[in-house]
Amino acid sequence: MTILIIWLVAFCLIAYFVYQRWNSGVSEGLDKVLPDFLKSHGDNRYLWVITLAVLGATTLVQPVEMLLVVILLALIGWAIMALTKWAGNKTHH
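Predicted model, so just to flag it, every value in this text is computed and none were measured.

Peer 1: Would you mind showing me how to read the packing of helix α1 (residues 2-20) against helix α3 (residues 45-61) here?
Peer 2: A pair of packed helices is captured by two measures, namely the crossing angle of their axes and the spacing between those axes. Running from N to C, α1 and α3 point in directions that differ by 140 degrees, and their axes come no closer than 8 Å. Classified by the angle between their axes, α1 and α3 sit oblique to one another. The interaxial crossing formed by α1 with α3 has right-handed handedness. Residues I3, I6, W7, A10, F11, I14, A15, V18 and Y19 of α1 form the contact with α3, whose own contacting residues are R45, Y46, V49, I50, L52, A53, V54, G56, A57, T58, L60 and V61. When grouped by side-chain class, the residues that make up the contact of α1 with α3 number 18 nonpolar, 2 polar and 1 charged.

So this is what it looks like as structure tokens:
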């Protein structure tokens, strides 16, 4: 129950501060990091505020699990890239 309360407090605080600073840097910073098809261009404020708040609160409460998820996603992405490169080389011959 304590972890849930900490998560809720962290979620509310992160959501509040991201929402307050959306026009003064968060939107531009997010657009620099994301690929073109995910860029917000100032739109979808509420979606990105909730997304960043969930990720931030979860990272604060369970950092090891988040690190393991990031490592797992990176390995899956690397494997997919390697397979597509290998398949692309096979189709040109």
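On we go.
Peer 1: I would appreciate a short explanation of the packing of aromatic side chains in the present structure.
Peer 2: What describes a pair of aromatic rings is the distance from one ring centre to the other and the angle between the planes of the rings. Per the counting criterion, the structure on display carries 3 aromatic pairs. Aromatic pair Y16 and F17: ring centres 5.2 Å apart, planes at 70 degrees, arrangement edge-to-face. With a centroid separation of 5.9 Å and an interplanar angle of 20 degrees, the aromatic rings of Y19 and Y46 are classed as stacked. Residue Y19 is found in helix α1, and its partner Y46 is found in helix α3; the two are separated by 27 residues along the sequence. Classification of Y46 by relative accessible area gives exposed; the value is 57%. Its end group placed over the ring of Y19, R45 keeps NZ or CZ at 4.5 Å from the ring centre.

Rules used throughout
Residues numbered from 1 in each chain as written. Predicted model: local features only at pLDDT ≥ 70, side-chain atom pairs only at ≥ 80, totals over all residues. Heavy atoms only, no water. Axes fitted to C-alpha atoms, helices over the stretch in contact; angles between N-to-C directions. Helix = DSSP H or I, 4+ residues; strand = E, 2+ residues; numbered from the N terminus. Parallel < 35°, antiparallel > 145°, perpendicular 65-115°, else oblique. Left-handed = near helix turned anticlockwise from the far one by under 90°. Contact = heavy atoms within 4.5 Å. Nonpolar A, V, L, I, M, F, W, Y, C, P; charged D, E, K, R; others polar. Phe/Tyr/Trp six-rings, centres within 6.5 Å; stacked < 30°, edge-to-face > 60°. Buried < 20%, exposed > 50% of the residue type's maximum accessible area, 1.4 Å probe, protein only. Lys NZ or Arg CZ within 6 Å of the ring centre and 35° of its normal.

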